[in-house]
Amino acid sequence: MRTIDPEVQTGISADKDIFGKISISRTEIMGLAAIWIYYFHVGRPLSCHAPLLGAAVWYLHRIGFIGVDIFLIISGYGLYHSMSRRPVTDLHTYADFLKRRLARLWKAYIPVTLLFAVKDRWPVGVLILRILGINQLIKGIYDYLWFIPCIYILYILAPLIFKLVNKICATRLRYIFPAVICALVYIFCIVTVPYVRSDLYGLITRIPAFFTGMFFAQLSMKCETECETKRAHAAA
C-alpha cells in the first residue's frame, strides 16, 4: 500500500481543521453564547479604572444580543448535518423530524414554563398559548421567551432551507449566498414596515444567521468529501 505524502496529509488536515473544531465544540460554543445573552439581559458592565478596558467591557455587554445569532448559526450547522444523516423526503419523515426536534426542545422548555405559570398564576389558556408560541406571535414576541417561536418557525422551514442551501451551493452563487440572504431580509424589512408589527423584526432578522449555519455545514461536508478524495488519490 502506498504511503500518503506528509505534505498532502498536512493539506488534508488543514482543510478539515476549522470545520472539525466547530463540530467538536458546538456545545461549548452554544454554552458561551447563552452566557453572553444572559450577561446582556441581567449583567451590568463591570466598572474599571482603565479607560480602554472599561470601554471594551461596556461594548461587550452592549452587543450581547449577538449571542442569539451565534446560537442560531450553530443550530443551523448542527441541523444540516442531522438532516443529511436522516433526510426529510415526505410528510411522514417531516412529521418525524418535527417530533424529534420538539421533544428535545420541550424537555427543558415546558418544565421551566410550568414553574413560571405556577409562580405568576397564569390561566391555563395563556400557559398553552405561550408553550406553543402563539401568544408571542399574536400579542408581542417579548411577551415570553421570544426565541421559542423563532425556533419553531426555523424548525418548520428547516427542510426547505436545507434544500435551498444545497441547490444554491451547487452554483456560483454559493460564494455570495449569505450576503444575498441578508440583503433580501433587509429589503423585506424595509418594504413591509407599514404592514408588519415592529417587534416581529427581532425575529425576522435572525433568519440569515440560521441560513449561514446551514451554509457553513454544507461547506464542511463538501470539504470532508474533497479531503477523502484527496486521501484516496494520494494512497492509490
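Anything mentioned here points back to the structure above.
Residues numbered from 1 in each chain as written. Predicted model: local features only at pLDDT ≥ 70, side-chain atom pairs only at ≥ 80, totals over all residues. Heavy atoms only, no water.

A. Layout of unusual backbone geometry. In this structure, Arg-121 takes a positive phi of about 55° despite not being glycine. Tracing the backbone shows Arg-121 in the loop between α5 (91–120) and α6 (124–132). On the accessibility criterion, Arg-121 (77% relative accessible area) is exposed. For Leu-145, which is not a glycine, the phi torsion comes out positive at approximately 40°. Looking at the element boundaries, Leu-145 is found in the loop between α7 (134–139) and α8 (147–168). (Helix = DSSP H or I, 4+ residues; strand = E, 2+ residues; numbered from the N terminus. Buried < 20%, exposed > 50% of the residue type's maximum accessible area, 1.4 Å probe, protein only.)

B. Region of the structure containing the packing of α5 against α8. Between α5 and α8, the least distance of the axes is 10 Å, while the angle of their chain directions is 160°. Between α5 and α8, the angle falls in the class roughly antiparallel. Crossing of α5 against α8: the hand is right-handed. Seen from α5, the contacting residues are Tyr-94, Phe-97, Leu-98, Arg-101, Leu-102, Leu-105, Trp-106 and Tyr-109; seen from α8, they are Ile-148, Ile-151, Tyr-152, Tyr-155, Ile-156, Ala-158 and Pro-159. (Axes fitted to C-alpha atoms, helices over the stretch in contact; angles between N-to-C directions. Parallel < 35°, antiparallel > 145°, perpendicular 65-115°, else oblique. Left-handed = near helix turned anticlockwise from the far one by under 90°. Contact = heavy atoms within 4.5 Å.)

C. Just the layout of surface pockets, in detail. Size it by volume and the largest pocket reaches roughly 1,300 Å³. At the level of elements, α2 (26–42), α4 (66–85), α5 and α8 are the ones that each hand at least two residues to the lining of the largest pocket. (1 Å grid on protein atoms, 1.4 Å probe; cavity = no way out; pocket = protein on both sides within 12 Å on 5 of 7 lines; lining within 4 Å. Points joined across faces, edges and corners; volume = space filled by probe spheres on them.)

D. The arrangement of α6 in detail. Taken together, the buried positions of α6 are Leu-127, Arg-130 and Ile-131. Here the buried residues of α6 occupy an arc of 100° about the axis, which is enough to place them on one side. Next to the buried residues of α6 lie α5, α7 and α8. Once α6 ends, the next one or two residues include Gly-133, with phi positive near 80°. (Arc of directions from axis to C-beta.)

E. Seen up close, the environment of Ile-204. Mapping Ile-204 onto the fold places it in helix α10 (residues 201–204). On a C-alpha basis, the gap between Ile-204 and Cys-189 in space is 8.1 Å, while along the polypeptide they are 15 residues apart. Dropping the residues within four chain positions of it, Ile-204 is found in contact with Val-185, Phe-188, Cys-189 and Val-196.

All we've got here are geometric facts, nothing functional implied.
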